[in-house]
Protein chains: 2
Amino acid sequence: MLKSRLLAAASALTLCALAFAHDNTKPDDAIEYRQGLMTVIGWNFGPLGAMVKGKHPFDAADFAKHSGRIANLSDQLLEGFTKGSDKGKTEAKSEIWANWDDFQSKAKDLDTQAKLLAEVAKANDEARDKEQFKKVAEACKACHDKYKKD
Amino acid sequence: MLKSRLLAAASALTLCALAFAHDNTKPDDAIEYRQGLMTVIGWNFGPLGAMVKGKHPFDAADFAKHSGRIANLSDQLLEGFTKGSDKGKTEAKSEIWANWDDFQSKAKDLDTQAKLLAEVAKANDEARDKEQFKKVAEACKACHDKYKKD
């Protein structure tokens with residue numbers, strides 16, 4: 001009895017923490033957050049793209065550094081898409097919230113591919129790096145094509 | 001002779017990678033990047049502050065999560081303060097570039113304190129977490145007081 005009450009209390013605290021992080025947020029703050037996140041991801045994506053396209057010499061350490069940073073951020077994206085944050089200065093389509101499961105699945109795919117890239121990038125294998133980079137880029141594009149305004 | 005030429009070539013590539021990441025960037029992009037970074041850090045700092053001030057129940061796992069995220073970002077800040085990026089929509093004072101060594105030292109102190117917080121937060125010791133959080137907050141403030149416009 002006590003144990004179940006303790007479990008219930010612990011569970012309530014966890015829910016509370018989740019609620020704090022997500023649902024008490026003002027829409028504008030969520031929008032600013034997810035745009036900031038995209039900017040930081042983009043900043044680190046740029047040098048990877050330049051190396052993959054041969055616009056910049058391949059540098060394994062640099063490739064690993066930027067890949068690692070993206071992998072540390074890609075699991076934070078969903079948090080920024082709080083309910084009600086389809087209104088405001090945003091390029092996010094309202095279809096996101098109408099198709100939440102699909103959107104969530106696409107966001108998780110990006111995270112999976114980004115974390116794989118960070119792992120692959122540790123091995124200093126240029127061909128595999130480039131191959132996995134393309135999967136990350138495809139995951140970005142799959143979501144942007146469907147859920148981002150032009 | 002060959003070895004020294006190889007070393008020189010490798011060194012040139014490294015310099016090139018650094019140059020790519022930092023100095024070829026348009027000032028507006030650097031400003032957007034560092035502001036995005038601050039927003040993402042702030043997003044994760046908020047729940048920590050709420051827990052430290054008792055506005056929200058302490059949750060060790062949540063504390064560790066947000067601390068870890070900040071520690072993964074705090075070493076990226078300096079990159080956003082490229083030369084010439086004192087002009088534009090920015091709250092950064094030009095004193096940053098006039099006192100670069102001091103600014104760099106303060107930014108590195110934030111990174112040191114943030115990485116310590118992420119380490120401390122793994123141990124699930126609320127008192128130590130709160131103590132180290134204050135050091136991170138002080139490191140933020142030391143830089144903002146001197147180098148951020150009101």
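That block above? That's the structure.
What this report covers is the structure whose coordinates are included nearby. These figures come from a predicted structure and were not determined experimentally.

## What to know about the overall build of chain A
Consideration 1: When its secondary structure is counted, chain A shows six helices and zero strands.
Consideration 2: Of the contacts formed within chain A by residues at least 6 apart in sequence, a portion of 72% connects residues at least 24 apart.
Consideration 3: When the accessible surface of chain A is totalled, it reaches about 8,300 Å², and 56% of it is carbon and sulfur.

## Points about the side chain of B:D59
Consideration 1: With respect to the secondary-structure elements, B:D59 resides in the loop between α2 (27–52) and α3 (60–73).
Consideration 2: A distance of 3.2 Å separates the side chain of B:D59 from the backbone nitrogen of B:A61, its partner in a polar contact.

## Re the relation of the copies chain A and chain B
Consideration 1: Overlaying chain A on chain B yields an RMSD of 0.0 Å, the required transformation being a rotation through 180° with an accompanying axial translation of 0.0 Å. Look at the turn and shift together and you get a two-fold axis relating the two. When each C-alpha of chain A is compared by its distance to the rotation axis, A:G36 comes out closest, at 1.8 Å.
Consideration 2: With an isologous cut-off of 70% or more, the 100% of interface residues of chain A that recur at the interface of chain B puts this contact in the isologous class.

## Some remarks on α3(B)
All names here are of chain B.
Consideration 1: The end-to-end C-alpha distance of α3, which contains 14 residues, comes to 20 Å, matching closely the 20 Å that a straight helix rising 1.5 Å per residue would cover.
Consideration 2: Along α3, the residues that are buried comprise A60, D62, F63, H66, S67, R69, I70, A71 and L73.
Consideration 3: Measuring from the side-chain oxygen of the N-cap residue of α3 to the backbone nitrogen of A61 gives 3.2 Å; that N-cap residue is D59.

## Remarks on the side chain of B:Q113
Residue and element names in this part refer to chain B.
Consideration 1: By the secondary structure assignment, Q113 is in helix α5 (residues 100–120).
Consideration 2: Here Q113 falls in the buried class, since its relative accessible area comes to 14%.
Consideration 3: Leaving out residues up to four positions away in the same chain, Q113 has contacts with Q132, K135, V136 and A139.

## Comments concerning the environment of B:M51
Residue and element names in this part refer to chain B.
Consideration 1: Here M51 shows up in helix α2.
Consideration 2: Counting along the chain gives 81 residues from M51 to Q132, while the straight-line C-alpha distance between them is 13 Å.
Consideration 3: For M51, the contacting residues outside a window of four places in its chain are H56, P57, F58, D59, D62, F63 and K130.

## Overview of the environment of A:K55
All names here are of chain A.
Consideration 1: Position of K55 among the secondary structure elements: in the loop between α2 (27–52) and α3 (60–73).
Consideration 2: K55 gets classed as exposed once you look at its relative accessible area, which sits at 68%.
Consideration 3: It is 21 Å that separates the C-alpha atoms of K55 and A118, two residues lying 63 residues apart in sequence.

## Describing the interface of chain A and chain B
Consideration 1: Of the residues lining the interface, 31 residues belong to chain A; the matching set on chain B comes to 31 residues.
Consideration 2: Buried surface at the junction of chain A and chain B, both sides included, amounts to about 2,600 Å², of which 68% is carbon and sulfur.
Consideration 3: Taken together, the links from chain A to chain B amount to four salt bridges.
Consideration 4: Here B:K65 and A:E79 are joined by a salt bridge, their closest N and O atoms 4.0 Å apart.

Calculation notes
Residues numbered from 1 in each chain as written. Chains lettered and ligands numbered in written order. Predicted model: local features only at pLDDT ≥ 70, side-chain atom pairs only at ≥ 80, totals over all residues. Heavy atoms only, no water. Helix = DSSP H or I, 4+ residues; strand = E, 2+ residues; numbered from the N terminus. Contact = heavy atoms within 4.5 Å. Areas by Shrake-Rupley, 256 points an atom, 1.4 Å probe, with all protein chains shown as cover. Polar contact = N/O pair within 3.5 Å; in protein donor to acceptor, adjacent residues only side chain to side chain. Least-squares fit on C-alpha atoms with pLDDT ≥ 70 in both. Expected span 1.5 Å × (residues − 1). Buried < 20%, exposed > 50% of the residue type's maximum accessible area, 1.4 Å probe, protein only. Buried area = accessible area lost by both parts, 1.4 Å probe. Salt bridge = Lys/Arg side-chain N within 4 Å of Asp/Glu carboxyl O.

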